[in-house]
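Read off the chains here:
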Amino acid sequence: MCQICCPSPSNSHDEIDCCLCGAPTTQAAFARIEADLNRRAMLGGLAAVVGLYAGFGLASKPARAQTPGRPLLLTNLRYFNGHDLSLIQGREILIEGGRITGLPAAGQGPTEAERIDCGGRAVIPGLIDAHWHSTLVGVTQMQAMTADIGFVHLMAGREAGATLLRGFTTVRDTGGPAFGLKLAIDRGALPGPRILASGAMISQTSGHGDFRMTSELPRADGDLSYSERVGVVAIADGRAEVLRRTREQLMKGASQIKIMAGGGVTSLYDPLESLQFTEDEMRAAVEAAEDWGTYVCAHVYTPKGIQRALRAGVKSIEHGQLADLETVRLMRDMGAWWSIQPFLADEDSNPSSDPRQNAKRQEVSVGTVQAFEMGRTVGVNMAFGTDILMNPTGASSQGRQLAKLTRFMPPLEALRMATGAAGDLLALSGERSGYDGQLGVIAEGAMADLLVVESDPEAGLDWLDTPEQSLAMIVKGGAVVKDQL
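Notes on the structure in this doc start here.

Conventions we followed
Residues numbered from 1 in each chain as written. Predicted model: local features only at pLDDT ≥ 70, side-chain atom pairs only at ≥ 80, totals over all residues. Heavy atoms only, no water. Helix = DSSP H or I, 4+ residues; strand = E, 2+ residues; numbered from the N terminus. Buried < 20%, exposed > 50% of the residue type's maximum accessible area, 1.4 Å probe, protein only. Contact = heavy atoms within 4.5 Å. Areas by Shrake-Rupley, 256 points an atom, 1.4 Å probe, with all protein chains shown as cover. Salt bridge = Lys/Arg side-chain N within 4 Å of Asp/Glu carboxyl O. Phe/Tyr/Trp six-rings, centres within 6.5 Å; stacked < 30°, edge-to-face > 60°. Lys NZ or Arg CZ within 6 Å of the ring centre and 35° of its normal. Polar contact = N/O pair within 3.5 Å; in protein donor to acceptor, adjacent residues only side chain to side chain. Pairing = 2+ DSSP bridges. Axes fitted to C-alpha atoms, helices over the stretch in contact; angles between N-to-C directions. Core = buried A, V, L, I, M, F, W, Y, C linked by side-chain atoms within 4.5 Å. Patch = residues over 30% accessible without salt bridge, like charges linked within 9 Å, V, L, I, M, F, W, Y side chains within 5 Å. Expected span 1.5 Å × (residues − 1).

## Observations concerning the overall build of the chain
- Counting its regular elements, the chain contains 15 helices and 20 strands.
- With 485 residues in all, the chain has 56% of them scored as buried.
- Restricting to contacts in the chain with at least 6 residues of sequence separation, those with at least 24 account for 69%.
- Accessible area of the chain: about 19,500 Å², with a carbon and sulfur share of 52%.

Structure (structure tokens):
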């Protein structure tokens, strides 16, 4: 640091100095870096990088912030509250301090409020993707496994801003080193959605999260693969090791724990029908999570794998497209959540040249149609997610994936899966969520995450594929991050 330009840090963060080295904003950035390096969530160093960027004034800022001490009032609108399958009219939305503080009758809002006329447009809650990989969506699989981790984090930061502009104000991150990115977004250094991070995906040896090549076997005690060292996965075998790896993610700030309980589509070495982790191993993760007031979600597709996970106490089944009717009823009876994605054999499928992966993908796509039908008929708690993974060109399909649900249900029911229902799922994290407020709904006391849309959400959801035109306004935590009104 240049002591000649600035011998002591300034207390003001708003002054501008022509010398970036000694500028108060840079001094503040360095102070944040020093503090953040002592935080448990900063093991990867990402927040130090983005904090420095913010210090230099390179971070994006909201299009319009709420005037201090003055509430914001959205008028001339109809809204979907996130649960009821109809649009509500004759009300206004009052926002103060990042929350919805009232839903007064039209024309009855406080006179001192700053008004935004929505022109009769529909307003919906900010969208929630319940199965997202913040640090792994914007890079290819080769980059994720071999590139400098700093590059991976910076690409994740760029993708976070794009995610928010697609209308997704919250994501549940189901695997990857997202703690630094979450902290940077929460501090306002970067634009992006709220992140409920799982941390490293916990996998058994040979499981869906074991990305090693067979040439790296056998594993010596204490030897960690690259993906383990950077926090993408944590390989654990046996109750004691599962407890250790689970507790490590909780120590880093995990909102929930993600385990791999069955085979996957993209992995080469584990068959789709394989069972992964014994019931006792899974129960170890569940017990550790429950001790911290949160829960475990599990990657699994098949009936046997789902049933084992449920018996162990897993609260959220990720994927599950190959479930049978008995298993779906068990999910309902045990009050579990089904975090399901529209895995269909279409242009949005993750690309692959391997015939084994393509065969598994086709099997899952056939099961997807039946899974949605059974879930709705039986009455399982269902939440929407995408699981776009290591596919930079596919990230922009996030909204389109939600629109695909109208193949199985009416538009507002599909929206509920990505708003009110998903918010109920995220609430299972309790205090570990990191956010104090209800998500996914337009209700008094809820977080002020809102989208003003140009189209009629009751008629269809195709507009989700063109957010740059269809989203007239995006509000996150009471701050207007996009305004085309």
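Still to come is the rest of the account.
## Comments concerning unusual backbone geometry
- With a phi close to 70°, Phe277 is a non-glycine residue in the positive phi region.
- Here Phe277 shows up in the loop between β13 (257-260) and α8 (279-291).
- Positioned with a positive phi, His319 is a non-glycine residue whose angle comes to about 85°.
- Within the element layout of this structure, His319 appears in strand β15 (residues 316-319).
- Take His319: its relative accessible area is 1%, and that puts it in the buried class.

## Topic: the pattern of salt bridges
- Scanning the model with the defined rule gives 21 salt bridges in all.
- Arg166 is the salt-bridge partner of Glu159, the closest N and O atoms lying 2.7 Å from each other. For the pair formed by Glu159 and Arg166, the shared burial category is buried.
- What you see here is one network of salt bridges that share partners, running through Asp346, Asp348, Arg400, Lys404 and Asp465.

## Some points on the packing of aromatic side chains
- The tally for this structure, following the rule as stated, stands at 1 aromatic pair.
- Between the aromatic rings of Phe372 and Phe408, the centroid separation amounts to 4.5 Å while the plane-to-plane angle is 5°, which identifies the pairing as stacked. Here the residue Phe372 occupies a position in helix α11 (residues 355-378), and Phe408 occupies one in the loop between α12 (398-403) and α13 (411-417), the gap between them amounting to 36 residues. Each member of the pair Phe372 and Phe408 is classed as buried.
- Sitting over the ring of Tyr435, Arg194 keeps its end group 5.7 Å from the ring centre.

## Digging into the environment of Asp129
- Residue placement: Asp129 occurs in strand β8 (residues 127-132).
- Owing to a relative accessible area of 0%, Asp129 belongs among the buried residues under this scheme.
- Separated by 44 residues in sequence, Asp129 and Asp173 place their C-alpha atoms 8.6 Å apart.
- In this structure Asp129 touches Phe168, Thr170, Val171, Arg172, Phe384, Gly385, Thr386 and Gln398, once residues within four positions along its chain are discounted.
- One polar contact links Asp129 to Thr386, side chain to side chain, over a distance of 2.6 Å.

## Section: the sheet that holds strand β20 (residues 479-483)
- Taking strand neighbours across the sheet as the criterion, the 6 strands line up as β3-β2-β7-β18-β19-β20 in an open arrangement whose pairing is mixed. Only two strands of the sheet have a single neighbouring strand rather than two, namely β3 (88-89) and β20.
- For strand β19 (residues 471-476) and β20, the ladder comprises 4 bridges, and the chain directions are antiparallel. Paired with Val475 across the two strands is Val480, which belongs to β20.
- Helix α4 (residues 149-165) contacts β19 and β20 of the sheet and is inclined by roughly 115° relative to β19.

## A closer look at the nonpolar core
- With 81 residues, the main nonpolar core has Leu127, Ile259, Met331 and Trp338 as its most contacted residues.
- In terms of nonpolar packing, the next biggest core, distinct from the first, is built from 18 residues, Leu72, Ile100, Ile116 and Ala448 among them.

## Details of the environment of Leu325
- Turning to its location among the elements, Leu325 is positioned in helix α10 (residues 325-333).
- Counting along the chain gives 53 residues from Leu325 to Val378, while the straight-line C-alpha distance between them is 8.5 Å.
- Excluding residues that lie within four positions of it along the chain, Leu325 makes contacts with Met374 and Val378.

## A closer look at a nonpolar patch on the surface
- There is a patch of nonpolar side chains on the surface, built from Met213, Leu268 and Tyr269 and spanning about 290 Å² of accessible area.
- With respect to the helices and strands, Met213 occurs in the loop between β11 (201-203) and α6 (226-229).
- Judged by its relative accessible area of 47%, Met213 is partly exposed.

## Remarks on the pairing of strand β5 (residues 99-102)
- Pairing analysis gives 3 bridges linking strand β4 (residues 93-96) to β5, with the strands arranged antiparallel. Counted as the bridge partner of Ile95 is Ile100 from β5.
- Here β4 hands over to β5 after 2 residues, with Gly97 in that stretch at a positive phi of 60°.

## Considerations on helix α7 (residues 239-252)
- Compared with an ideal rise of 1.5 Å per residue, which puts 14 residues at 20 Å, α7 spans 20 Å between its outermost C-alpha atoms and is within 8% of the ideal.
- Where α7 is buried, its residues contact α5 (179-186), β11, β12 (233-235), β13 and α8.
- Directly after α7, the chain includes Gly253, whose backbone phi takes a positive value near 115°.

Interpretation in functional terms is not warranted from these geometric data alone.
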